[in-house]
Amino acid sequence: MAVCAQWSRLGGMDTNMVYGIIAVVVIAVLLIVGGIWMDRSRKKNIQQSQEAAKAKADERLAAERAAQKPTVPEPAEAKQSPAEQTPDALAPPAEAPVEEVETVEETGVVEEPVPPVEKPEGKKGRLQRLRERLSKSGNPFGKALFNILAKDHLSETDWEDVEDTLLLADVGAEASEQLVEQLRTDARVTGETDPTQLREALRGELLALVGTDVDRSLEAEKPGAKKPSVIIMVGVNGTGKTTTAGKLARLFVSEDKTVMLGAADTFRAAAADQLETWGAKVDVPVVRSDKEGADPASVAFEAAAKAKDDGVDVLIIDTAGRLQNKANLMDELGKIRRVTEKNLPVDEVLLVLDATTGQNGMAQAKVFAEAIGITGVVLTKLDGSAKGGIVISVQKELGVPVKLVGVGEGPDDLAPFDPESFVDGILG
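**Some thoughts on the overall build of the protein**
Check the secondary structure of the protein and you find 16 helices and eight strands. Burial analysis of the protein (428 residues in total) assigns 40% to the buried set. Long-range contacts, defined as pairs at least 24 residues apart, comprise 76% of the intrachain contacts of the protein with a sequence gap of at least 6. Per element, the accessible surface of the protein, about 24,100 Å² overall, is 55% carbon and sulfur.

Next up, the structure:
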């Protein structure tokens, strides 16, 4: 009995397992069949969508062709009689122009027009603008001097006022004292004279201080100048040094000289981009480093080598204007000059000074003069709030002439310094 009961339980368990297995198999089959059906339905829907899209595209293309057919003009020759038709008239009309227009419309490719190269203004116009700007300057100290000296009898107080006026105009203590002594002994000033004689006296004394017998021409402009003539631009950042380098390139281009710019100011990231902007307008190439913070001397060396190979007339090298300390500045500028001269001799070192800083910029100017040995000065921002006496004091302190002046912010507002135009401008 016990054995029969046990076999009965085992048989029941086997039946249940069989039923379970069958159920699992049936569910799996249903899932597989359902998946196959869903996949076929999805493919069918995709195919129907593609066919619908293709049909719409065919309809649109047919509509476009139908719309384009009337726009193609029938050749006039086709209306002529067969006897009058030439071989060209009998030929089928060419559709190439229509196809070209369609290609341009489909691609949307429009070539940008190349901007024309600018022609900078020459020296004559620049000198005229120099006179006009200086005559309209806000601080023409010549007028103040004239008003004091026009008095009938000059007292000691009047002479003190003359000296104070000169000092306020940044003429400098030594030059102011010298000018006062010369005016005291001039009969046209101390005697009872007319305004014309007084103006001529003042003009003559100022011209003597500024210097009319000084050679202010750039080495690159002299007859028989070496080619390439190398100019290194130095000065504190903020004086307009890089801008002046670009304007100087324009001045040379106006004289039909070939120019190259070297971007050796690698300390300021925007300096090279700024130079390239200036150069692009007058088709002047710029040699620069591909990486930021590169050795400025290496850029100067590469620029000198390329200028020599290309045989340009002038190479202008822009340098960094940071003034960390005197030793650092002298080392860097000295290295730039040494490596440049391995390829080409340096003919000119121009110090760029902001005329509005007046005597405050003289200490920095002396450091640059000692560091690299300058040959001339460029005074920027001489119009407006600048005090004209800085021209006299900077020449006395540095022992080199002012060669160029900036009289505005325009691209051609850099002019050769002309003593007579300068004095006439400040006298009004």
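**Things to note about the sheet that holds strand β8 (residues 414-416)**
Spatially, eight strands are ordered β3-β2-β4-β1-β5-β6-β7-β8 in an open sheet, and the strand pairing comes out mixed. Unpaired on one side and paired on the other, β3 (286-287) and β8 mark the two borders of the sheet. Running over the sheet, helix α10 (residues 241-254) touches β1 (229-234), β2 (259-264), β4 (314-319), β5 (346-354), β6 (376-380), β7 (402-406) and β8 and is turned about 170° from β4. Against the sheet, helix α14 (residues 362-372) makes contact with β1 and β5, and its axis sits at roughly 170° relative to β5, the strand it touches most.

**Notes on the side chain of Ser393**
Position of Ser393 relative to the elements: it lies in helix α15 (residues 390-398). For Ser393, a relative accessible area of 3% puts it in the buried group. Looking at Ser393, its side chain comes within polar contact range of the main-chain oxygen of Asp170, at 3.0 Å. Sequence-distant contacts of Ser393, that is, excluding residues within four places in its chain, are made with Asp170, Val171, Gly172, Gln359 and Met362.

**Digging into unusual backbone geometry**
A cis amide bond links Lys227 with the next residue in sequence, Pro228, at an omega value of -5°. With phi around 60°, Asp283 is a residue other than glycine that occupies positive phi space. Looking at where Asp283 falls in the secondary structure, it is placed in the loop between α11 (269-281) and β3. Here the phi dihedral of Lys381 falls at roughly 55°; this positive angle occurs in a residue that is not glycine. Considering the arrangement of structural elements, one finds Lys381 in the loop between β6 and α15.

**Description of helix α9 (residues 195-210)**
In an α-helix there are 3.6 residues to a turn, and that puts residues three or four apart on one side. Taking 1.5 Å of rise per residue, 16 residues should cover 22 Å, and α9 covers 22 Å from first to last C-alpha, within 8% of that figure. Those residues of α9 that sit buried are Leu198, Ala201, Leu202, Arg203, Glu205, Leu206, Leu207, Leu209 and Val210. The inward-facing, buried residues of α9 abut α5 (141-149), α7 (173-184), α8 (187-190), α15 and α16 (419-427). Directly after α9, the chain includes Gly211, whose backbone phi takes a positive value near 100°.

**Looking at the nonpolar core**
Inside soluble globular proteins, nonpolar side chains tend to come together where they are buried. The biggest cluster of nonpolar side chains holds 71 residues, and the ones touching the most others in it are Val162, Val234, Ile374, Val377, Leu379, Val391 and Leu398. Here this core gets seven residues from one element, more than from any other, and that element is α9. Here Val377 is in contact with Leu351, Leu353, Val394, Leu398, Val400, Pro401, Val402, Lys403 and Leu404, once residues within four sequence places are set aside.

**A look at the layout of surface pockets**
Within this model, the second largest pocket holds a volume of roughly 220 Å³. Along the walls of the second largest pocket sit 13 residues, with Lys247, Thr380, Lys381, Gly408 and Glu409 positioned nearest its centre. Split into classes, the residues belonging to the lining of the second largest pocket amount to one nonpolar, seven polar and five charged.

**Notes on the packing of α5 against helix α6 (residues 156-168)**
Packing of α5 against α6 leaves a shortest axis separation of 10 Å and a crossing angle of 180°. Considered as vectors, α5 and α6 are oriented roughly antiparallel to each other. Within the contact between the two elements, α5 uses Phe141, Ala144, Leu145, Ile148 and Leu149 and α6 uses Asp158, Trp159, Asp161, Val162, Thr165 and Leu166. Residue classes in the contact of α5 with α6 are distributed as eight nonpolar, one polar and two charged.

**Regarding the pairing of β1**
The buried fraction of β1 amounts to six of the six residues, a majority that puts the element mostly inside the structure. By the alternation rule, side chains of β1 split into Ser229, Ile231 and Met233 and Val230, Ile232 and Val234, which are all buried. Summarising the sheet, β1 and β4 pair through five bridges and their orientation is parallel. Following the sheet pairing, Val230 is matched in β4 by Leu315. Note: β1 against β5, five bridges, orientation parallel. When the sheet's bridge partners are listed, Ile232 is paired in β5 with Val349.

**Some points on the pairing of β7**
Counting buried residues along β7, five of its five residues qualify, which places the element largely inside the surrounding structure. Pairing of β6 with β7, which is carried by three bridges, proceeds in the parallel orientation. Looking across to β7, one finds that Val377 is bridged to Val402. When β7 meets β8, the two strands line up antiparallel, connected through three bridges.

What counts, and at which threshold
Residues numbered from 1 in each chain as written. Predicted model: local features only at pLDDT ≥ 70, side-chain atom pairs only at ≥ 80, totals over all residues. Heavy atoms only, no water. Helix = DSSP H or I, 4+ residues; strand = E, 2+ residues; numbered from the N terminus. Buried < 20%, exposed > 50% of the residue type's maximum accessible area, 1.4 Å probe, protein only. Contact = heavy atoms within 4.5 Å. Areas by Shrake-Rupley, 256 points an atom, 1.4 Å probe, with all protein chains shown as cover. Pairing = 2+ DSSP bridges. Axes fitted to C-alpha atoms, helices over the stretch in contact; angles between N-to-C directions. Polar contact = N/O pair within 3.5 Å; in protein donor to acceptor, adjacent residues only side chain to side chain. Expected span 1.5 Å × (residues − 1). Core = buried A, V, L, I, M, F, W, Y, C linked by side-chain atoms within 4.5 Å. 1 Å grid on protein atoms, 1.4 Å probe; cavity = no way out; pocket = protein on both sides within 12 Å on 5 of 7 lines; lining within 4 Å. Points joined across faces, edges and corners; volume = space filled by probe spheres on them. Nonpolar A, V, L, I, M, F, W, Y, C, P; charged D, E, K, R; others polar. Parallel < 35°, antiparallel > 145°, perpendicular 65-115°, else oblique.

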